[in-house]
Amino acid sequence: MQTDLKILVVEDDPQKARDIIDALTDGGWTNLSVIGSAGALERTITTQDPDIILIDLANPDRDTLEHLGLVSNARNRPVAMFVDRTDDAMTQAAISAGVSAYVVNGLMKDRIKPVLETAIARFGMFAKMQSELDAAKQALTDRKTIDRAKGLLIRARNISEDEAYNLLRKTAMDQGRKVIDVATALVTAAELLQ
Amino acid sequence: MKSIQVQCGYLPLVDSAPLIIAKELKFAAQEGLDLTLQKQPSWSALRDRLAFGHIDFAHMLSPMPIAMSLGLGGLSNRIDALMVMSVNGTVIGVSSELNQKMSGAGWENTFDNPKATSKALLAVSDRPLRIGVPFPFSMHRMLLETWLTQDPVFSPDRIEIVTVPPPQMAQAVTEGALDVFCVGEPWGSVALQHSDASLILPGSSIWEFAPEKVLGVRHEWAEENPTACRAMIRALYKAARWLNLPENTPLAVEILARSQHLDLPDHAIDPALTGRIATRSGHDAKPTAGFLNFHDKAANFPWRSQASWISDVISRWHGLDRDASRKIARACFRSDLYREALAPLGVNLPGASEKVEGAMATSVAVASTMGQMILGPDRFFSGATFDFEGEE
């Protein structure tokens, strides 16, 4: 029953695009396509004539998509962001999850909602994974910098690793800065002096 | 006193400087605000987050609050502009192919002559010009159309306006996808560094006093949070005043370049703040008067007549009733709140909240709350004037 809906996903990360496609396929939609960048957006909309376009809320190409709806009336394919004013909670959920949906040719609301709900669930998962990944990466980078700073101190002052760390921590506390900031400053200074 | 936490969305452009200065130099903190700046990936994303209250304030293109209040473009909501954050600051550029053709036909780039430039531009193009702007509801698009439609040989089929995110503008020009572009700094100067493009006009040569960015806020939120709104207006007013002093410019460039908010090198920030713009990569930078104005000549005042001007353009684009739209638009530009917020600072403010747009050929003394103040110039290149009060 859902196979007649044509869904276009704009996503440049192939893994993420595949996951979204899988989720939609599981939901019963099969007429799906993906493009990586909005460079080809205008052409794709003309040739493929999708009913719904799903795009990451943070994708800068969204502004281009908005324009197609507002200015390019000549193409006769009105593209509009899907907002259901009777159901603000869903639009709110979409924004929080980081997905936006655009509807071509003013499709019926009840046909879009299940697509968007599926997308919200999937995008919400990405957003959570991404922030965890970012935090983990940052922690790892910070630790490397702190290790290098400790190494510099151990060599320069002939102290133990614990003493080196305590020195970094004390300096940070005295100056009201973070340990990582003091360590970064030390590493940068050492690089300059080499 | 406990400070009020507020979130403000912005796009990393040079004209977001008042926000960054308000935060870094503690003007916001002095006003009792704990200001968090949230970088946004696009104007659409910024709009959506403001409409749904994920952010309290937003650095917006001046037509955006009006378009949203008129219910146009995706998420709409009643959005107010509490103040103007910057006047002018955009540039218009062309691809190297077009530049060569125009020069070949005898045109000389003086970077200040809209009429001669549109004549040359339209004379050498044998297909519709593809023109890139950052957003459909932008002063960029309004200025381009104001400029080109004045040319005697112009017809709507001579141009095609497309939206291209500013960081992609240079590449689109290089790939031949765009013939002309209009962007805010640093993206004009960046386009020169990454392509053979040339800049042909500053936005200020089309309208000398075009409101470029405004501080947007949800109307309802403003009603519920008058203290935060007043504090934010005062903080940005002080930041803008600081930015306006020439002796602060080198320090401002340093602060903006060092700030994680902008993530741009010195040389990308410098041209806009000093008003010294190079029109081609490797060429000498020329001083351009009034290139980007954060504060001078009551630049921060949200004139109701500016709202009317913007509203009329939007009405033409979308076939809306002119007078009904104007009424909504004028209510968006909150000169009333702006006056209230600045009263305790003893700031000299214009006597009226309305002016005849385009009427001041030079600087003129006008009546103000403290006697007199200097405004203008605010001319359009065509000499057109817009007296909205007279029409009603």
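See above for the structure.
Residues numbered from 1 in each chain as written. Chains lettered and ligands numbered in written order. Predicted model: local features only at pLDDT ≥ 70, side-chain atom pairs only at ≥ 80, totals over all residues. Heavy atoms only, no water.

(A) Inspection of the sheet that holds strand β5 (residues 99–104) of chain A at higher detail. All names here are of chain A. Taken together, the five strands give an open sheet; going across it, the order is β2-β1-β3-β5-β4, and neighbouring strands pair in mixed fashion. Only two strands of the sheet have a single neighbouring strand rather than two, namely β2 (32–35) and β4 (79–81). For this sheet, the mean inter-axis angle between neighbouring strands, taken without regard to orientation, is 25°. As judged from the four bridges shared by strand β1 (residues 7–10) and β2, these two strands associate in the parallel manner. Bridged to V10 within β2 is I35. (Pairing = 2+ DSSP bridges. Helix = DSSP H or I, 4+ residues; strand = E, 2+ residues; numbered from the N terminus. Axes fitted to C-alpha atoms, helices over the stretch in contact; angles between N-to-C directions.)

(B) The arrangement of the interface of chain B and chain A in detail. Taken together, the contacts link 28 residues of chain B with 22 residues of chain A. Between chain B and chain A, a total of about 2000 Å² is buried, with carbon and sulfur atoms accounting for 56% of that surface. Applying the counting criterion to the chain B and chain A interface returns two salt bridges. We note a salt bridge from R62 of chain A to D48 of chain B, for which the minimum N-O separation is 2.6 Å. Linking chain B with chain A are nine residue pairs in polar contact (both at pLDDT 80 or more). (Contact = heavy atoms within 4.5 Å. Buried area = accessible area lost by both parts, 1.4 Å probe. Salt bridge = Lys/Arg side-chain N within 4 Å of Asp/Glu carboxyl O. Polar contact = N/O pair within 3.5 Å; in protein donor to acceptor, adjacent residues only side chain to side chain.)

(C) Summary view of the packing of helix α5 (residues 109–157) of chain A against helix α6 (residues 161–175) of chain A. Residue and element names in this part refer to chain A. Orientation of α5 relative to α6, taken along the N-to-C sense of each, is 110°, at an axis distance of 9 Å. Compared by their axis directions, α5 and α6 come out roughly perpendicular. Our pair here, α5 against α6, has a crossing hand that is right-handed. Contacts from I146, A149, K150, L153, I154 and R157 of α5 reach α6 at E161, A164, Y165, L167 and L168. (Parallel < 35°, antiparallel > 145°, perpendicular 65-115°, else oblique. Left-handed = near helix turned anticlockwise from the far one by under 90°.)

(D) Examining the pattern of salt bridges more closely. Residues and elements named next belong to chain B. In the structure shown here, the tally under the stated rule is 30 salt bridges over all chains. Ionic pairing is found between R127 and D179, a salt bridge with its closest N-O pair at 3.2 Å. Of this pair, R127 sits in the loop between α6 (114–124) and β6 (129–133) while D179 sits in the loop between α8 (169–174) and β8 (180–184); the two residues are 52 residues apart in sequence, bridging distant segments of the chain. In this structure, a network of salt bridges that share partners links the residues D80, E223, R304, R334 and D336.

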